[in-house]
Amino acid sequence: MNLKLHKPLCIFDLETTGTNIGKDRIVEICILKVNPDASRESKTWRVNPEMSIPKESSEIHGIYDEDVKDAPTFRDIASKIMEMITGTDLGGFNSNRFDVPLLAEELLRVGMDFDLSKFRLVDAQTIFHKKEPRNLGAAYQFYCGKTLENAHSAEADVMATFEVLDAQVGKYDDIPNEIAPLSEFTFHNKNADLAGFIGYNEKMEEVFNFGKYKGQGVKAVFQKDLGYFGWLQNADFPLYTKKVFTKIQLSSRF
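Analysis parameters
- Residues numbered from 1 in each chain as written.
- Predicted model: local features only at pLDDT ≥ 70, side-chain atom pairs only at ≥ 80, totals over all residues.
- Heavy atoms only, no water.
- Phe/Tyr/Trp six-rings, centres within 6.5 Å; stacked < 30°, edge-to-face > 60°.
- Helix = DSSP H or I, 4+ residues; strand = E, 2+ residues; numbered from the N terminus.
- Buried < 20%, exposed > 50% of the residue type's maximum accessible area, 1.4 Å probe, protein only.
- Lys NZ or Arg CZ within 6 Å of the ring centre and 35° of its normal.
- Pairing = 2+ DSSP bridges.
- Axes fitted to C-alpha atoms, helices over the stretch in contact; angles between N-to-C directions.
- Domains from an automatic or database assignment.
- Parallel < 35°, antiparallel > 145°, perpendicular 65-115°, else oblique.
- Left-handed = near helix turned anticlockwise from the far one by under 90°.
- Contact = heavy atoms within 4.5 Å.

Student: Would you mind going over the packing of aromatic side chains in detail, with residue names and values included?
Tutor: In the structure shown here, the tally under the stated rule is 20 aromatic pairs. Note on phenylalanine 210 and phenylalanine 237: the rings are 5.2 Å apart at their centroids and 45° apart in plane angle, and the pair reads as tilted. Taken together, the residues phenylalanine 210 in the loop between β7 (206–208) and α9 (218–224) and phenylalanine 237 in the loop between α10 (226–234) and α11 (239–251) connect sequence positions 27 residues apart. The pair phenylalanine 210 / phenylalanine 237 is uniform in exposure class, with both members buried. Seen in terms of ring centroids, phenylalanine 222 and phenylalanine 229 are 5.3 Å apart; in terms of plane orientation they differ by 75°. Their pairing is edge-to-face. Above the plane of the ring of tyrosine 172 lies lysine 131, whose end atom (NZ or CZ) is 5.0 Å from the centre.

Laid out in structure tokens, this is it:
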């Protein structure tokens with residue numbers, strides 16, 4: 001194994017009802033947990049999203065309403081997922097922009113806290129796009145010399161993603177093999193939340209990335225316009241973004 005792990009790494013992939021982080025739901029999740037000694041364990045769950053799966057989404061991943069009508073809901077398996085990822089780092093393919101934010105939403109929705117600061121995130125797609133811009137199938141062929149069978153099956157995608165990530169570390173001399181620097185390498189932009197609504201300025205202070213206060217410090221805005229915080233909490237923002245806003249608002253009182 002080219003990766004040098006100091007703690008377990010959980011590579012995971014989601015199949016979902018769609019791509020709206022705040023509204024869509026998980027229909028399948030696979031987690032591959034790789035330990036520092038290179039031992040592995042993998043778990044896959046089909047999930048009843050408690051909503052109809054749009055036809056266009058089913059045509060991509062092959063999971064239809066009938067396939068998950070008797071499956072557990074996310075609430076039923078949330079504790080098992082938390083148990084598996086607690087104390088680990090997280091990785092995936094396009095995971096920083098989609099899988100991690102959506103998983104955080106699902107966990108927060110069922111009352112389980114997700115604290116981004118406790119995880120290092122590594123996105124194999126970012127490495128691939130920085131080095132060889134293509135998709136997962138092309139990455140698998142390029143780095144591993146294999147054809148990706150059953151693409152858009154969570155288990156097939158997650159197994160391929162780990163092989164791609166490990167091969168990337170072995171191929172490029174200028175890519176670190178430890179998770180902390182690798183996590184830094186895979187971020188395009190550093191944000192305070194998962195969806196990118198809250199960024200940082202040069203002083204590492206949270207700033208708005210959108211709206212009438214774009215570029216201004218969140219804490220300073222809340223101190224002068226508390227009503228804006230109330231509007232944000234009632235607007236259609238992801239739960240994790242609202243959680244970060246709340247933390248900043250509480251600190252702005254002091």
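Student: Residue-level account of the sheet that holds strand β1 (residues 9–16), with values.
Tutor: If you walk across this open sheet you meet the 5 strands as β3-β2-β1-β4-β5, and the pairing is mixed. Both edges of this open sheet fall to β3 (40–46) and β5 (121–123), since each of them pairs with a single strand only. Recorded for the sheet is a direction-independent mean angle of 20° between the axes of neighbouring strands. By the bridge criterion, 8 bridges tie β1 to strand β2 (residues 26–34) in an arrangement that is antiparallel. Bridging from a neighbouring strand, phenylalanine 12 pairs with isoleucine 31 of β2.

Student: Provide a residue-level description of the domain arrangement of the chain, including the pertinent values.
Tutor: Segmenting the chain into domains produces domain 1 (9–128), domain 2 (136–186) and domain 3 (198–251). Relative to domain 3, the C-alpha centre of domain 2 lies at a distance of 35 Å.

Student: Tell me about the packing of helix α6 (residues 136–144) against helix α7 (residues 154–171), and name the residues and values.
Tutor: Where α6 contacts α7, the two axes come as close as 9 Å, and the packing angle between them is 45°. With respect to α7, the axis of α6 lies oblique. Here the hand of the crossing between α6 and α7 comes out left-handed. Across the interface between the two elements, Leu136, Ala139, Tyr140, Phe142, Tyr143 and Cys144 from α6 touch Asp157, Ala160, Thr161, Glu163, Val164, Ala167, Gln168 and Lys171 from α7.

Student: Explain unusual backbone geometry residue by residue, including any values.
Tutor: Apart from glycine, the bulk of residues carry a negative phi angle, and the bulk of peptide bonds sit in the trans form. Its identity as a non-glycine residue notwithstanding, alanine 38 has a phi of 80°, on the positive side. Tracing the backbone through its elements, the reader meets alanine 38 in the loop between β2 and β3. In this structure alanine 38 comes out as partly exposed when scored by relative accessible area, which is 35%. With a phi close to 60°, methionine 204 is a non-glycine residue in the positive phi region. The residue methionine 204 is located in the loop between β6 (198–200) and β7 in this model.

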